[in-house]
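This is what each chain is made of:
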Amino acid sequence: MALFTCCFEPVEFPEFLDTFIQKCTDPSCCCGCCSALRPRYKRLVDNIFPVNPEDGLVKSNMEKLTFYSLSSPDKLDRIGEYLYQKASKDINRKRYKFVEIAMEAMDILLQACHAQTTLNLFVESFLRMVQKLLEDSNPNLQILATNSFVKFANINEDTPSYHRRYDFFISKFSSMCHGNNENIELRDSIRLAGIKGVQGVIRKTVSDDLVENIWEKQHMEKIVPSLLFNMQFGVNVMFVKKNMLASGDLTPVEDATAVTPPVLAEEVLRELVGRASFGHIRSVLKPLLSHLDRHELWVPNTFAIHTFRIVMISIQPQYSYTVVETLMQHLDSNFKSSPKTRTSLAVVLSKIIAIAAGESVGPSALDIINNLLTHLRTSVSTTSEITPEESQYQEALINALGEFANHHPDYQKIEIMLFIMNTVPDLSKKSKGDQMLQNILLKSLLKVGTQYSTVSFEKAFPASFLQPLLKMARAPHDPTRIIVMQIFQALLDRHQNEKVLSAVSIKPYAALSQETPSRSDIIFTHKYGANIMQALIDSMALSDKLDSLTSSYNTAALLIVEMACGETVQEFLLFILGIQQVATTSDDLSVIHKCCLNIIAMALLTLIARVTGINSLLEYAQKIIEDRKQEATYFLPPLLDSRKSNKTYNLSLPHLAIDKMALAECLQSAGMDFNRLQTGVPYSLNQMDNPGHRHSWVESVSNTMTQRNSSADLTAYNGDADSISSSPGVSKKALAPEYTVDAMKRYLAEPSESVKKEQLEKQKQIVRTFRESDFEELMRRTEPKHDVIQNRLNDLFNSLAIDNKTPQSTTSQNEKPIYETNFPELFYY
């Protein structure tokens, strides 16, 4: 081998000068004249390389090259090309130190000249050099090239680029993210470099619309799985460190480590999702879901929850509901997967859906609710029997629905509850599948109801929502009625009394929170209270099971605690009398069931007496309780269980029943109005609901007369004060002649015993008169007393008729009759 080499090749003479100038670049060249004849930029580039590569870049010569580049920017592309040629030769010759020096020079020139308009031409050489280094198998060169690319990515270019492509860099950096070198430190370094490179590509391409579209499918399917692959190990390490911190094995100082591939990958994923626009969100989510499917990362779902939380927090708020929709669509496509997988998907949905709820309003909110309900219906319809795993899946969907509704304002929660109620199957469908679907949908409705903070009952129970809810309260299926009662309890319980009132008792409830009802609540009670109480009576009469009766009692007790006051107490007393009447008159109920209804009526009477503070009512209730303790303890709490009780009970004890007249007297003695209680009749079974219309005593009497005979009506006559004047043989009591304040106080004071006896005697006289008198006698007594007025009116009309008669001649034959008279045109229609 020759000691000296020559740069020249045998070429023709016309090409001599050009070849002489361009190819004489080798330092070992024998031609001493070559250095002087080479271009200046080549000499400047050659001078930055030291004789010994260990000495590194020659700083002074590098400053000269930089100054030359700034003063002659048109030479930048040639300088870059020359550096690339030298680095390529050094790579082929394994002279890696010279390669590092060339790459360092490239970086310095790039940073110094990034404002030049001709930088694009230099960048092409720079990217070719980075690609050359990445293609080499030396990991140090790959890391060096990646760091240089990251520096380039952080430069904001003023001029657009039309012809750059980053396909190779995306593929190479993604493959580096999966590095599996046996040396752990080197492996982590390569992965870190790959993640940094991916981050650089994202920053360089997202901000420039003219370059490679990073959001295309082929790119996202490389970038997203690479980031998730590194994040997987980070989640496991994170939970291990949490456990070690909790146990004291790891101190916070020891936990403070440097940047690791999982941490950096999470940061890049946040940046990627944060930069995504509405049209590009799904481009990120699809490969994410595919990665979780391929690697079976749904069960357990720790990593899936962690990843989707990162996505939801990083995404632009107005696009967050798109993630929920995409995840629900993925749940649709996995309807044939195992229940565990679907449950994990639903749990992930429940964890992230609350974040999207704040930005979902109007149709988008109802659309998400509808999708969740569709999944519930599909789950019920596709399974003949609900397995524990399938039940967990349904519970996860219900929790997701509840979490979604919880982050909406109250008015939207009412709309959501109404929307759910409209999807519940009709009660006429009694198949097992429909009953299961009813329960599932009502559970979802209950989940929303528990998130609602009731302020006004009028807003919590609009007519369009209350009417179907009352209808469901009469469902023949016990679990359905119990869920409906729980919904009522969730919406009625404004003071957290539900647990306190969960047991039927005649003793004072400890820690009972109470507040005087507002005017709007009183109006609501007058308007809809009768409908609710009728539904409660019907519900109590359907089953004698303890859980069903207890839930109905709890609802009734909450209704009393929240709404009872002086203006509504009569309605609640009629409700209590209605419960007792059902227990007394209904032939379809068992003995145990009747005893339970009597117990509930007694417990509610003591509760309303304590809530309203009417001492006379409480004394009367205590008197009945003492009598029942002596003669019939089975009419007192606790409720009787039909499965455990085989005793015989005597129900014919009218003296132990709650008396309507006695209740009226208690109200009267307390100086309260009692006319409604006297004139009205207790609520009965199967009355028609009519929300929005207050039940009057006329309707109650008419409904009762269709069910009772006249003898029973007469026996139950309650002495309506307004009807006394029309009763035979009884005159209306005249008021006191003086109308001073003292006189009216005396009139409203408690009546004496003689007055009470007189009123009772008058009532008995009326009943005796109608029972014993003949029909002709009753007709005579009740015939009108206005004959004088009628006679006077007859005389007056006769006199007017006589005055109008005047002597007139007989009408001629040719005169038209009056019925043929034509009307003037003014009266035409």
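Residues numbered from 1 in each chain as written. Predicted model: local features only at pLDDT ≥ 70, side-chain atom pairs only at ≥ 80, totals over all residues. Heavy atoms only, no water.

As annotated in an unreviewed UniProt entry, the chain carries the name Protein EFR3 homolog cmp44E and is attributed to Stomoxys calcitrans. Among the UniProt annotations of the chain, the heading Sequence similarities (unreviewed entry) holds the following wording: "Belongs to the EFR3 family." (UniProt positions renumbered as here; feature names shortened; annotations may be inferred.)

Considerations on the overall build of the chain
Tallying secondary structure elements over the chain gives 37 helices and 0 strands in all. Burial status across the chain gives 47% buried among its 829 residues. When contacts within the chain are restricted to residue pairs at least 6 apart in sequence, long-range pairs at least 24 apart make up 72% of them. By element, 53% of the accessible surface of the chain is carried by carbon and sulfur atoms, the whole surface being about 43600 Å². (Helix = DSSP H or I, 4+ residues; strand = E, 2+ residues; numbered from the N terminus. Buried < 20%, exposed > 50% of the residue type's maximum accessible area, 1.4 Å probe, protein only. Contact = heavy atoms within 4.5 Å. Areas by Shrake-Rupley, 256 points an atom, 1.4 Å probe, with all protein chains shown as cover.)

A closer look at the packing of aromatic side chains
In total, this model carries 19 aromatic pairs according to the counting rule given. With a centroid separation of 6.5 Å and 35 degrees between ring planes, the pair formed by Phe457 and Phe461 is classed as tilted. Exposure class is identical for Phe457 and Phe461. Each is buried. Counting every residue linked through ring pairs, the aromatic cluster contains Phe126, Phe149, Phe152, Tyr166, Phe168, Phe169 and Phe173. Over the ring of Tyr393 we find Arg342, and its NZ or CZ is 4.8 Å from the ring centre. (Phe/Tyr/Trp six-rings, centres within 6.5 Å; stacked < 30°, edge-to-face > 60°. Lys NZ or Arg CZ within 6 Å of the ring centre and 35° of its normal.)

Overview of the confidence of the model for the chain
Averaged over every residue, the pLDDT of the chain is 79; the share at 70 or more is 76%. Predicted confidence for residues 238-257 stays below pLDDT 50, and this span has 13 contacts to residues more than four positions away or in other chains. Contacts of residues 689-737 to residues separated by more than four positions or lying in other chains number 61 contacts, the stretch itself having pLDDT below 50. (pLDDT = per-residue confidence, 0-100.)

Points about helix α25 (residues 519-540)
In a regular helix each residue adds 1.5 Å, so 22 residues correspond to 32 Å; α25 covers 29 Å between its end C-alpha atoms and thus fits that length. In α25, a bend of some 60 degrees at Tyr528 exceeds every other bend along the element. (Expected span 1.5 Å × (residues − 1). Bend = angle between axes of the 7 residues up to and from the residue.)

Quick look at the pattern of salt bridges
Per the counting criterion, the structure on display carries 23 salt bridges. The residue Asp627 makes a salt bridge to Lys623 at a minimum N-O spacing of 3.6 Å. Here Lys623 and Asp627 lie together in helix α29 (residues 615-631), a separation of 4 residues that amounts to about one turn. The structure contains a network of salt bridges with shared partners spanning Arg203, Glu271 and Arg275. (Salt bridge = Lys/Arg side-chain N within 4 Å of Asp/Glu carboxyl O.)

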